[in-house]
Amino acid sequence: MARKVFISFRYSDGHLYKEELVKKFNNYDDIINCSEEVNRSNMSEETIKKYLYDKLRNTSVTIVLLTPKAINYQKDYFGNINDWIYDEVRYSLEDRENNRCNGLIAIYTPEVEKIVIDRQTDTIVINDFDNLVRKNMFNIKSNYKHCSTPNRYDSDLDHYCSLVSWNNFVSNPNYYIDKAIYKRENKEQYDLKVRIQNNYRYW
């Protein structure tokens, strides 16, 4: 069965990665790219919301490209988040009429590897960074945890948002998309964070 995906990215340093992903997906009959190409700079917030809801409808997985300019959200003068990537992720995580929340994959590019992970001898540590995708990692409910070792987590199933390197994802996109869809079908096993409130409150 074909899976429809939406790619969220920062145009200034992510559009080439996005174009490469689109070319990659074109080689698969079972992956349909539903990403947007519209300039939203002159749209009102309500228009953007309706546009994104329409665009995300019937997609099942949102893929976020973590590039240097996409790690941190853009904010207005008062420190409030004003960022399309944030909007795309939070709308993807909402259950709403005619569309369930999407599965979520965050792909980190080589330029940000040292920001998001710390490679140690026998494990990979995911660093903390202030991004909604990060708030949806390590969020498996305790009675569903797949890794039985305390303070360790299964990289595929114990995070609602999978964190994947660029090279690993492009080598086998179906594997990660399938895992994201599995978690989407079992989202009640996770404590989802659907937005970042001002003053860094999450819910």
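Residues numbered from 1 in each chain as written. Predicted model: local features only at pLDDT ≥ 70, side-chain atom pairs only at ≥ 80, totals over all residues. Heavy atoms only, no water.

What follows is about helix H2 (residues 45-56). For H2, spanning twelve residues, the distance from its first C-alpha to its last is 16 Å, which sits close to the expected 16 Å at 1.5 Å a residue. Buried residues of H2: Ile-48, Tyr-51, Leu-52, Tyr-53 and Leu-56, and no others. Residues of H2 that are buried in the fold lie against strand S1 (3-8), strand S3 (61-66) and helix H3 (84-92). Looking at the residues trailing H2, positive phi occurs at Asn-58, about 75 degrees. (Helix = DSSP H or I, 4+ residues; strand = E, 2+ residues; numbered from the N terminus. Expected span 1.5 Å × (residues − 1). Buried < 20%, exposed > 50% of the residue type's maximum accessible area, 1.4 Å probe, protein only. Contact = heavy atoms within 4.5 Å.)

Another point: the packing of aromatic side chains. Scanning the model with the defined rule gives eight aromatic pairs in all. Ring centres of Phe-25 and Phe-169 lie 6.3 Å apart, and the angle between their planes is 80 degrees; on these two criteria the pair is classed as edge-to-face. Remark: Phe-169 occurs in helix H6 (residues 166-171) and Phe-25 occurs in helix H1 (residues 11-25); sequence separation between them is 144 residues. Aromatic pair Phe-138 and Tyr-153: ring centres 4.9 Å apart, planes at 85 degrees, arrangement edge-to-face. Here Phe-138, found in the loop between helix H5 (132-135) and strand S7 (161-165), pairs with Tyr-153, found in the loop between H5 and S7; they are 15 residues apart in sequence, far enough to count as distant. Exposure remark for Tyr-153: the relative accessible area of 32% places this residue in the partly exposed category. (Phe/Tyr/Trp six-rings, centres within 6.5 Å; stacked < 30°, edge-to-face > 60°.)

Further remarks concern H3. For H3, a buried count of eight out of nine residues is recorded, marking the element as mostly surrounded by other parts of the structure. For H3, every residue scored as buried is listed here: Ile-85, Tyr-86, Asp-87, Glu-88, Val-89, Arg-90, Tyr-91 and Ser-92. In this structure, the buried side of H3 is in contact with S1, H2, S3, strand S4 (103-108), H5 and strand S8 (196-197). Where H3 begins, the side chain of Asp-83 points an oxygen toward the backbone nitrogen of Ile-85, at a separation of 2.8 Å. (Polar contact = N/O pair within 3.5 Å; in protein donor to acceptor, adjacent residues only side chain to side chain.)

Looking now at the pattern of salt bridges. Following the criterion strictly, the structure yields eleven salt bridges and no others. Notably, a salt bridge pairs Asp-87 with Arg-90, separated by 3.2 Å at the nearest N-O pair. Taken together, the residues span about one helical turn, with Asp-87 and Arg-90 both in helix H3 at a distance of three residues. The network of salt bridges with shared partners includes Asp-128, Asp-130, Arg-134 and Lys-135. (Salt bridge = Lys/Arg side-chain N within 4 Å of Asp/Glu carboxyl O.)

What follows concerns unusual backbone geometry. The phi dihedral of Phe-138 is positive, around 60 degrees, even though this residue is not glycine. The phi torsion at Asn-151 lies on the positive side, around 65 degrees, for a residue other than glycine. Tracing the backbone shows Asn-151 in the loop between H5 and S7. Judged by its relative accessible area of 74%, Asn-151 is exposed.

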